[in-house]
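Descriptive structure summary
Each chain, letter by letter, is given below.
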Amino acid sequence: MSEALVASQAAGTGISVPAASGARQFWRRLRAQRAALVAAVVVALLVLVALAAPLLTAIEGQDPFTYHPSLIDSARGGVPTGSFGGITGDHWLGVEPQTGRDLFARLAYGARVSLGVALGATVVQVTIGVVIGVAAALGSRWVDQLLSRITDIIVAMPLMIMSLALLAIVPSSFPRPLLVALVIGLIAWGNIAKIVRAQTLTLKELDYVSAARLSGWGTWRIARRELLPGLAAPVITYAALLVPINISTEAALSFLGVGVKPPTPSWGQMLTAADVWYQAAPQYLLLPAGALFVTVLALTVLGDGIRTALDPRAASRLRIGTGRKREAKADASSKKATAADVNKKAAADPSAKGAGIKGESTKEAKS
């Protein structure tokens, strides 16, 4: 099916026409959800800030590691001098208490670490989960039982406790952001493996998979050419929802002191150092906490929007910006695009034009 031409039969015409592009339908449904579009813009801006952190800090003329003792009031315990935490033209968001390091530079570089760890952990989780899930569904009964029990053990493991144990025993010379991403990915792949296994068991009973098996295709060729395209939607949906979870996990691990180590900036590590300054310099706590909140919220809303766009039968859990009228309008646009494809095909084949009109009239009469 993945290699064949996906076609739909126009009612009563006998004309095979290509079905409306799945990608086009996805974008129409996603555009109908304003909240998801706003979240996508926010995520894009955050990614842009993370990627352009060296350029942005160069424009500001600062870096995340340089100390500025002259901007700290040592008589008051290291509180930044000036108003609003030392905000000036040279320091756009002020400076860090006790060290004087630039807050904007540390937030921008912290976005690189936090987003990079979350995306890296998600890639590891998805890769392991898809491989284990497909292998369990396509393997023998004993293979399925073995992999399913291993998956159950992984799901039952407490993520935070296992992460704390593993991160505490690894030498400090190992790159910490990479280590955090690997630990989260290697511990938290169980749920996606269960989803992939269940979906694969459903897909392998379909006719086109049976036809591929009868034609002599091997198991892994069938998995690669026929099953993986069908698994794309649930895997993409779950991966989009995993990213904000992994950001929160990285922040929690850094807050507990076993995640990213100073002086490398990350939002969780900044929160760890800010817990004693929330009264004297509240912006030092509010800025990383606000960035973390906005990122997790935007990714959660975007993930829900992707889930709804990929599976229009599933109602959105976030009703803001996903009104029924907009969803109905998106579905109507998809139907119009399909009808336009039918008309083009009928125009290209004049002998079937009359049959096409007759078939459409019969369809309208039935409706």
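As the structure is a prediction and not an experimental result, all values here were calculated from the model.

Re the overall build of the chain
When its secondary structure is counted, the chain shows 14 helices and four strands. Per-residue burial over the chain gives 42% buried out of 367 residues. Sequence separation of at least 24 residues holds for 71% of the intrachain contacts in the chain that already meet a minimum separation of 6. Accessible area for the chain stands at about 19300 Å²; split by element, carbon and sulfur atoms hold 66% of it.

Some words on a nonpolar patch on the surface
Together, Phe-174, Leu-178, Leu-182 and Leu-186 line one region of the surface with nonpolar side chains, adding up to about 330 Å² of accessible area. Structurally, Leu-182 can be placed in helix α7 (residues 176-187). The partly exposed category is assigned to Leu-182, whose relative accessible area is 31%.

Brief notes about the packing of aromatic side chains
Geometry of an aromatic ring pair is reported as the spacing of the ring centres plus the angle between the planes. Evaluated as defined, the whole model comprises two aromatic pairs. Relative to Trp-27, the ring of Phe-26 lies with its centre 5.2 Å away and its plane at 65°, an arrangement referred to as edge-to-face. Each ring, one from Trp-92 and one from Phe-104, has its centre 5.0 Å from the other, and the planes form 55°; the classification is tilted. Residue Trp-92 is located in the loop between β4 (79-80) and α4 (103-138), and its partner Phe-104 is located in helix α4; the two are separated by 12 residues in the primary sequence. With relative accessibility at 35%, the residue Trp-92 sits in the partly exposed group. Taking the ring centre of Trp-142 as reference, the NZ or CZ of Arg-141 above it sits at 4.9 Å.

Observations concerning the confidence of the model for the chain
Here the chain averages 80 in pLDDT, while 79% of its residues score no lower than 70. Of the regions scoring below 50 in pLDDT, residues 1-20 engages in 43 contacts with residues more than four places distant in sequence or in other chains. Contacts from residues 352-367, a stretch scored under 50 in pLDDT, to residues over four places away or in other chains number 11 contacts.

Re α4
Helical periodicity: at 3.6 residues per turn, an α-helix aligns residues three or four positions apart in one direction. Relative to the 52 Å expected for 36 residues at 1.5 Å per residue, α4 spans 52 Å between its end C-alpha atoms, a close match to the ideal helical length. The element α4 is largely enclosed, with a buried count of 26 among its 36 residues. The N-capping residue of α4, defined by a side-chain oxygen 3.3 Å from the backbone nitrogen of Phe-104, is Asp-102.

Side note on the side chain of Thr-151
Mapped onto the fold, Thr-151 is located in helix α5 (residues 141-156). The exposure class of Thr-151 is buried, given its relative accessible area of 5%. Within the structure, Thr-151 has its side chain in polar contact with the backbone oxygen of Leu-147 (distance 2.8 Å). With residues near it in sequence (within four places) discarded, Thr-151 still touches Ile-132, Trp-189, Gly-190, Ala-193 and Lys-194.

Section: the environment of Gly-133
Note that Gly-133 resides in helix α4. In sequence terms Gly-133 and Lys-194 are 61 residues apart; their C-alpha atoms lie 6.2 Å from each other. Setting aside anything within four residues of it in sequence, one finds Gly-133 in contact with Ala-193, Val-196 and Arg-197.

Remarks on helix α10 (residues 219-255)
For α10, with 37 residues, the first-to-last C-alpha span of 46 Å runs short of the 54 Å given by 1.5 Å per residue. Of the residues flanking the end of α10, it is Gly-257, one or two places downstream, whose phi is positive at about 90°.

Here's the deal with the side chain of Asp-144
Take Asp-144: it is sitting in helix α5. Not counting chain neighbours up to four residues away, the residues in contact with Asp-144 comprise Ala-136 and Arg-197.

Structural notes on the pattern of salt bridges
Think of it this way: side chains of opposite charge can pair up when their charged atoms draw near. All chains considered together, the criterion is met by six salt bridges. The partner of Asp-144 in a salt bridge is Arg-197, with the nearest N and O atoms 2.8 Å apart. Highlighted residues: Asp-144 in helix α5 and Arg-197 in helix α8 (residues 190-203), separated in sequence by 53 residues. According to the relative accessible area criterion, Asp-144 is buried, its value standing at 13%. Residue classification places Arg-197 among the partly exposed positions, given a relative accessible area of 26%. The salt bridge partner of Arg-307 is Asp-304, with a shortest N-O separation of 3.1 Å.

Let's talk about unusual backbone geometry
The residue after Pro-262, namely Pro-263, is reached through a cis peptide bond having omega 10°. Tracing the backbone through its elements, the reader meets Pro-263 in the loop between α10 and α11 (267-274). Here the phi dihedral of Gln-98 falls at roughly 75°; this positive angle occurs in a residue that is not glycine. Mapped onto the elements of the fold, Gln-98 is located in the loop between β4 and α4.

A short note on the packing of α10 against α11
It is at 7 Å that the axes of α10 and α11 come closest, and there the two elements cross at 35°. Here α10 runs over α11; the crossing is right-handed. Mapping the contact onto sequence places Ala-251, Ser-254 and Phe-255 in α10 and Gly-268, Gln-269, Leu-271 and Thr-272 in α11. Classifying every residue of the contact of α10 with α11 by side-chain character gives three nonpolar, four polar and no charged.

Notes on the nonpolar core
One recurring pattern in soluble globular proteins: nonpolar side chains tend to sit buried together. The biggest cluster of nonpolar side chains holds 32 residues, and the ones touching the most others in it are Ile-247, Trp-267, Met-270, Tyr-284 and Leu-292. Counting only elements with at least two residues in this core, the list comes to α1 (22-31), α2 (34-51), α4, α10, α11 and α12 (282-310). Per-element tally for this core: the top contributor is α12, with nine residues. When residues no more than four places from it in sequence are discounted, the contact partners of Trp-267 are Leu-107, Gly-110, Ala-111, Ser-114, Pro-288, Ala-291, Leu-292 and Thr-295. Grouped together as the second largest cluster of nonpolar side chains are 15 residues, Val-209, Leu-227, Leu-231 and Ala-239 included.

Definitions and limits used
Residues numbered from 1 in each chain as written. Predicted model: local features only at pLDDT ≥ 70, side-chain atom pairs only at ≥ 80, totals over all residues. Heavy atoms only, no water. Helix = DSSP H or I, 4+ residues; strand = E, 2+ residues; numbered from the N terminus. Buried < 20%, exposed > 50% of the residue type's maximum accessible area, 1.4 Å probe, protein only. Contact = heavy atoms within 4.5 Å. Areas by Shrake-Rupley, 256 points an atom, 1.4 Å probe, with all protein chains shown as cover. Patch = residues over 30% accessible without salt bridge, like charges linked within 9 Å, V, L, I, M, F, W, Y side chains within 5 Å. Salt bridge = Lys/Arg side-chain N within 4 Å of Asp/Glu carboxyl O. Phe/Tyr/Trp six-rings, centres within 6.5 Å; stacked < 30°, edge-to-face > 60°. Lys NZ or Arg CZ within 6 Å of the ring centre and 35° of its normal. pLDDT = per-residue confidence, 0-100. Expected span 1.5 Å × (residues − 1). Polar contact = N/O pair within 3.5 Å; in protein donor to acceptor, adjacent residues only side chain to side chain. Axes fitted to C-alpha atoms, helices over the stretch in contact; angles between N-to-C directions. Left-handed = near helix turned anticlockwise from the far one by under 90°. Nonpolar A, V, L, I, M, F, W, Y, C, P; charged D, E, K, R; others polar. Core = buried A, V, L, I, M, F, W, Y, C linked by side-chain atoms within 4.5 Å.

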